[in-house]
Amino acid sequence: MTTLKQQISKVQSGEISSESLVQSALDRIGAAQHLKAYLSILPEYALEKARDLDKRRNAGEKLGPLAGTPIAVKDNIVISSGKTTCASRILENFESPYDAAVVERLIAAGAIPVGKTNLDEFAMGSTSETSAFGAPINPIDPTIIPGGSSGGSAVAVASGTVPLSLGSDTGGSIRQPAACCGIVGMKPTYGRVSRYGLVAYASSLDQIGPFARTVEDSALLLNTLCGHDLRDNTSSTQVVPDFTAKIGEGLKGKTIGIPKECFGEGLDKEVEATVRAALAACEREGAKIVEVTLPSLKYAVATYYVIATAEASANLARYDGVRYTIRTPAPKNLYELYAKTRSEGFGPEVKKRILLGTYVLSSGFYDAYYMQAQKVRRVITDDYAKAFTLCDVVAMPTLPAPPSKVGEVFQDPMAMYLQDIYTVAVNLAGLPGLSLPVGKAGGLPAGLQLIGRPFEETELFQISAGVEKLVAM
Ligand code: GLN
């Protein structure tokens, strides 16, 4: 099978055209419509971009590192063509006048956005079932969830419509769907990728990152996304290395930390066995396995749901029927314009979170909830920093159980929030995290999550690729 890298060099050398690649991606998307991975498709836009690339190549121009690669973009990242809905009724007609920073970068690298992918409404959820337009379907097994909130982006890659896609991860939304769909999903260090043009959910936690079939493809895509951006004031000025540089260097001399809190109560036995088998294979390959401790992990879900909802309540205040959004017909006064537009436009999960976030920020409760959560966030960050004095990466399952049945956890909000136990702390601490498939549990895909030190993505990709090689054997 041709690898993505080989395909890109064939486009660069003129052996295959970008147009033919885009056309076949569009054909595959058409044939896979029943999976509801895409909320909109951009055929004219994508074909025009492809023809332009082919023309430039024929004129002797050297094409970028993702030349001719069709890519799917989560529908909370704006593109100046078509709609950006965030899978919400309130934004169902919204058209962005500009491109997100990552979209500018993709285009400069020669990648071609072919469509916008389905998600939980405003990225709030872990199953993609809060989408106002119907949930995407897991191509591995239609009776199980594809994970969320970037479920459409994961399905787009897992079903083979595109080799790459973009998701956003506030508390696990790239890593969880990657685990459910058996592919690689990666959340970079906070600040690594510009959030300019990502519709904000919880700004201190949100990061954009890649979905791909392999660790190397994921690193190739991340290479093109990073770099300082003045339009996002949390964008990092750190040097951007070649994230593929150490892929192939293996696991020898690397130390993998296993937090004892992650392998006890609440973890499905089959998931545990699959993850432990992958780690045992790493040890045989020369990695050192050490036990570490993250005592504050048990507070992570509660802390996350205070901070994320507080930030969401502020960020979503802008959808008021005056700009961007649908507007309720014939309101009697300004108050009714706001109230009715928001009541009609937002779905139940989003409303719940706005209420919760407003509550934890309200006077009298601010210190008890919001301030307290900020303090625990610091403790969680410190716990990780201590763990990294003993190891190069921390390893744990991505999800505590195999992907659930469609509709199962969605009916039970506590169960849904608890699914986030292994992923949210990584966002609270701003660390890079990657989920890769390591086998099956109960016949369904199981993901191993590897977490790196801040801005050490190159090492995270090296170790992940080392594990990937072992589980593929
Ligand atoms: N499941 C988490 C939430 O609902 C994370 C979502 C995300 O990362 N966007 O908030």
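Attention in this report is confined to the structure presented alongside it.

Quick notes on the rules
Residues numbered from 1 in each chain as written. Predicted model: local features only at pLDDT ≥ 70, side-chain atom pairs only at ≥ 80, totals over all residues. Heavy atoms only, no water. Axes fitted to C-alpha atoms, helices over the stretch in contact; angles between N-to-C directions. Helix = DSSP H or I, 4+ residues; strand = E, 2+ residues; numbered from the N terminus. Parallel < 35°, antiparallel > 145°, perpendicular 65-115°, else oblique. Contact = heavy atoms within 4.5 Å. Nonpolar A, V, L, I, M, F, W, Y, C, P; charged D, E, K, R; others polar. Near = heavy atom within 4 Å. Polar contact = N/O pair within 3.5 Å; in protein donor to acceptor, adjacent residues only side chain to side chain. Areas by Shrake-Rupley, 256 points an atom, 1.4 Å probe, with all protein chains shown as cover. 1 Å grid on protein atoms, 1.4 Å probe; cavity = no way out; pocket = protein on both sides within 12 Å on 5 of 7 lines; lining within 4 Å. Sits in = over half its atoms within 2 Å of the grid points. Buried < 20%, exposed > 50% of the residue type's maximum accessible area, 1.4 Å probe, protein only. Points joined across faces, edges and corners; volume = space filled by probe spheres on them. Expected span 1.5 Å × (residues − 1). Pairing = 2+ DSSP bridges. Patch = residues over 30% accessible without salt bridge, like charges linked within 9 Å, V, L, I, M, F, W, Y side chains within 5 Å. Salt bridge = Lys/Arg side-chain N within 4 Å of Asp/Glu carboxyl O. Phe/Tyr/Trp six-rings, centres within 6.5 Å; stacked < 30°, edge-to-face > 60°. Core = buried A, V, L, I, M, F, W, Y, C linked by side-chain atoms within 4.5 Å.

**Considering the packing of helix H4 (residues 101–108) against helix H7 (residues 215–225)**
Packing of H4 against H7 brings their axes to within 8 Å, and their N-to-C directions diverge by 110 degrees. One element, H4, and the other, H7, form an angle in the roughly perpendicular class. Contacts between H4 and H7 involve Val102, Arg105 and Leu106 from the first element and Leu221, Thr224 and Leu225 from the second. Within the contact of H4 with H7, the residues separate by chemical class into four nonpolar, one polar and one charged.

**A short note on the site of the ligand**
Around the ligand sit 15 residues, and of these Thr170, Gly171, Ser173, Tyr201 and Tyr304 come closest. Between the ligand and Ala123, the relevant distance is 2.8 Å, taken from a nitrogen atom to a main-chain nitrogen or oxygen of the residue. Here Gly125 contributes a backbone N or O atom positioned 2.9 Å from an oxygen atom of the ligand. Computed on the free molecule, the ligand has an accessible area of 290 Å², of which 99% lies beneath the protein chains in the complex. With respect to the detected pockets, the ligand is housed in the largest cavity. Class assignment of the residues belonging to the shell around the ligand gives a composition of five nonpolar, seven polar and three charged.

**A few points about the side chain of Thr224**
When you line up the elements, Thr224 lands in helix H7. Relative accessible area serves as the criterion here: at 9%, Thr224 is assigned to the buried category. Within polar-contact distance, the side chain of Thr224 engages the backbone oxygen of Leu221 at 2.8 Å. For Thr224, the contacting residues outside a window of four places in its chain are Pro65, Leu66, Arg105, Leu106 and Ala109.

**Quick word on empty space enclosed by the protein**
In total, this model carries two cavities of 30 Å³ or more according to the counting rule given. Taken together, 14 residues make up the lining of the largest cavity; nearest its centre are Gly125, Ser126, Ser173, Tyr304 and Asp420. Residue composition of the lining of the largest cavity, grouped by class: four nonpolar, eight polar and two charged. Of the pockets and cavities examined, the second largest cavity occupies roughly 60 Å³. At the level of elements, helix H6 (175–181) and strand S11 (444–452) are the ones that each hand at least two residues to the lining of the second largest cavity. Here the lining of the second largest cavity gets three residues from one element, more than from any other, and that element is S11. Among the residues making up the lining of the second largest cavity, the classes are represented as nine nonpolar, one polar and no charged.

**Some remarks on helix H15 (residues 457–472)**
The end-to-end C-alpha distance of H15 is 22 Å, a good match for the 22 Å that 16 residues give at a rise of 1.5 Å each. Taking burial as the measure, the 16 residues of H15 include twelve buried ones, the bulk of the element. The complete set of buried residues in H15 reads Glu457, Thr458, Glu459, Leu460, Phe461, Gln462, Ile463, Ser464, Ala465, Gly466, Val467 and Leu470.

**A short note on the layout of surface pockets**
In this structure, the largest pocket encloses a volume near 320 Å³. Lining the largest pocket are 17 residues, and of these Tyr98, Leu198, Val199, Ala200 and Arg318 sit closest to its centre.

**Quick look at the pairing of strand S6 (residues 207–212)**
The buried fraction of S6 amounts to six of the six residues, a majority that puts the element mostly inside the structure. Both strand S4 (residues 164–169) and S6 contribute to a ladder of six bridges, which runs antiparallel. When the sheet's bridge partners are listed, Ser168 is paired in S6 with Ile208. Sheet analysis places strand S5 (residues 184–187) next to S6, joined by two bridges and oriented antiparallel. The residue bridging Val184 from the neighbouring strand is Ala212, located in S6.

**A look at a nonpolar patch on the surface**
On the surface, a cluster of nonpolar side chains totalling about 260 Å² of accessible area is made up of Val322, Leu334 and Tyr338. Secondary-structure assignment places Val322 in the loop between helix H9 (300–315) and helix H10 (334–345). Val322 gets classed as partly exposed once you look at its relative accessible area, which sits at 43%.

**A few points about the packing of aromatic side chains**
The full count for this structure, using the stated rule, is 14 aromatic pairs. Among the aromatic residues, those joined into a cluster by ring pairs are Phe94, Phe122, Tyr319, Tyr324 and Phe346.

**Overview of the nonpolar core**
Counting 140 residues, the largest nonpolar core has Phe122 and Tyr384 as its most contacted members. Looking at this core element by element, the count peaks at nine residues for H9. In contact with Tyr384, other than residues within four places in its own chain, are Leu294, Val394, Met396, Ala425, Val426, Ala429, Leu431 and Ile451.

**Details of the side chain of Ser131**
Its place among the elements puts Ser131 in the loop between strand S3 (112–117) and helix H5 (151–158). In this structure Ser131 comes out as buried when scored by relative accessible area, which is 8%. Beyond its immediate sequence surroundings of up to four residues, Ser131 is in contact with Ala87, Asn118, Leu119, Asp120 and Glu121.

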